Amino acid sequence: MSAARTLVWLAAFSLSGLVLRAQTAADAQQPAIVVSGFEPFGGRDRNASWTLAQEIAKAFPREVRALQIPVVWGAPLTAINSTQPLPQVWIAFGEGTPEFQIEILAHNQRGMYPDNQKAKPATPDIVSAAAPVLKQQAQVKDLAAALTQAGFPTHVSQSAGRYLCEEMLYSLLYAQQQHPEALRLVLFIHVPTLEQSIQVSPVKQGASAARKQVDADLLQAFGRQLFASLRTLGLLASTPGR
């Protein structure tokens, strides 16, 4: 090999090493938590789930990446598979319940409803030849109790709705089975719609209950409390300085 070709080869090798190290560093800097919400649907111009995801990302910018999911059949699993590297934690939100609702059961079956593209599902199942039902493995009863105790009425639900919300939960649980080394925790939580009035539980015993309108401030407060409760229960790693 000539001296000139040797120098070119060494330069190319060094450059490839630099690119690999840069990519590794970039991967290491990727947020370890993804929070997702859906785009508006049903004629509304906003979606509380996306507002909540954005508010959490604002509150924890170094830890969290917010991702908006289209209200389109097949979009949840496509979004998960397109997120590389996969995060350690993925918390998904959907809207449409009178209080906060942690979903724990997902069916591999779609409801025959049109999505935002006015299309009904092309296939009845979310993942072909996969389990008919998947269940949340994390113990979330204590999480629901902690959030309720903090003033945000929350309960555990086994009925996610047979629409994109249930598809999102099933897709997350399925992806967790396929990549247990990455997705250590996945959650799906339904939240009330924006401008809805909800009854907020008293934080202190003996205090009277109050009603509050769901807005960005209330959702951010819920998001902060959610992360605090997850850390207290050991479901989310503690972060120094928080």
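Keep in mind it's a predicted model, so treat the numbers as computed, not measured.

Definitions and cut-offs
Residues numbered from 1 in each chain as written. Predicted model: local features only at pLDDT ≥ 70, side-chain atom pairs only at ≥ 80, totals over all residues. Heavy atoms only, no water. Axes fitted to C-alpha atoms, helices over the stretch in contact; angles between N-to-C directions. Helix = DSSP H or I, 4+ residues; strand = E, 2+ residues; numbered from the N terminus. Parallel < 35°, antiparallel > 145°, perpendicular 65-115°, else oblique. Left-handed = near helix turned anticlockwise from the far one by under 90°. Contact = heavy atoms within 4.5 Å. Nonpolar A, V, L, I, M, F, W, Y, C, P; charged D, E, K, R; others polar. Pairing = 2+ DSSP bridges. Right-handed = clockwise from strand over helix to strand, strands pointing away. Buried < 20%, exposed > 50% of the residue type's maximum accessible area, 1.4 Å probe, protein only. Phe/Tyr/Trp six-rings, centres within 6.5 Å; stacked < 30°, edge-to-face > 60°. Lys NZ or Arg CZ within 6 Å of the ring centre and 35° of its normal.

Student: Please provide a residue-by-residue account of the packing of helix H2 (residues 48–59) against helix H6 (residues 216–232), values included.
Tutor: In the contact formed by H2 and H6, the axes pass within 8 Å of each other and the chain directions differ by 60 degrees. For the element pair H2 / H6, the angle class is oblique. As for the relative orientation of H2 and H6, their crossing is right-handed in sense. Contacts from Ala48, Thr51, Leu52, Glu55, Ile56 and Ala59 of H2 reach H6 at Ala216, Leu219, Gln220, Phe222, Gly223, Arg224 and Phe227. In the contact of H2 with H6, the residues fall into eight nonpolar, three polar and two charged.

Student: Tell me about the pairing of strand E2 (residues 64–69), and name the residues and values.
Tutor: When strand E1 (residues 33–38) meets E2, the two strands line up parallel, connected through six bridges. Paired with valine 34 across the strands is arginine 65, a residue of E2. Remark: the E1/H2/E2 crossover connection has right-handed handedness.

Student: Tell me about the sheet that holds E2, and name the residues and values.
Tutor: Ordered by their spatial adjacency, six strands build an open sheet running E2-E1-E3-E8-E4-E7, and the pairing between neighbours is mixed. Looking at which strands have only one partner, the edges of the open sheet turn out to be E2 and strand E7 (154–157). Neighbour-to-neighbour, the strand axes of the sheet open up by a mean angle of 25 degrees, direction not taken into account. Two strands pair when backbone bridges link them, and E1 and strand E3 (residues 89–95) are joined in this way by four bridges, in the parallel orientation. From the neighbouring strand, valine 34 faces E3, where its bridge partner is tryptophan 90. Packed on one face of the sheet, H2 meets E1, E2, E3 and strand E8 (185–191) and runs near 155 degrees to E1. Against the sheet, helix H5 (residues 164–178) makes contact with E1, E2, E3, strand E4 (100–103) and E8, and its axis sits at roughly 170 degrees relative to E8, the strand it touches most.

Student: Run through the pairing of E4, naming residues and quoting values.
Tutor: Because side chains alternate across E4, one face comprises the buried residues Phe100 and Ile102, and the other comprises Gln101 and Glu103, equally buried. Pairing of E4 with E8 involves three bridges; the strand directions are antiparallel. What sits directly across from glutamate 103, in E8, is phenylalanine 188.

Student: Explain the packing of aromatic side chains to me, using residue names and the numbers behind them.
Tutor: Summed over all chains, the structure comprises seven aromatic pairs. Ring geometry for phenylalanine 41 against tyrosine 163: centres 6.1 Å apart, planes inclined by 50 degrees, an arrangement best described as tilted. Of the two residues, phenylalanine 41 sits in the loop between E1 and H2 while tyrosine 163 sits in the loop between E7 and H5, which places them 122 residues apart along the sequence. Taking the relative accessible area as the measure of exposure, tyrosine 163 reaches 18% and is therefore buried. Taking 5.6 Å as the distance between ring centres and 75 degrees as the angle between the ring planes, the aromatic pair formed by phenylalanine 152 and phenylalanine 222 counts as edge-to-face. Pair noted here: phenylalanine 152 is in the loop between helix H4 (141–149) and E7 and phenylalanine 222 is in helix H6, with a separation of 70 residues, a long-range link. Stacked on the ring of phenylalanine 41, the Lys or Arg arginine 44 has its end atom at 5.1 Å from the ring centre. Against the face of phenylalanine 60 rests arginine 224, its NZ or CZ located 5.8 Å from the ring centre.

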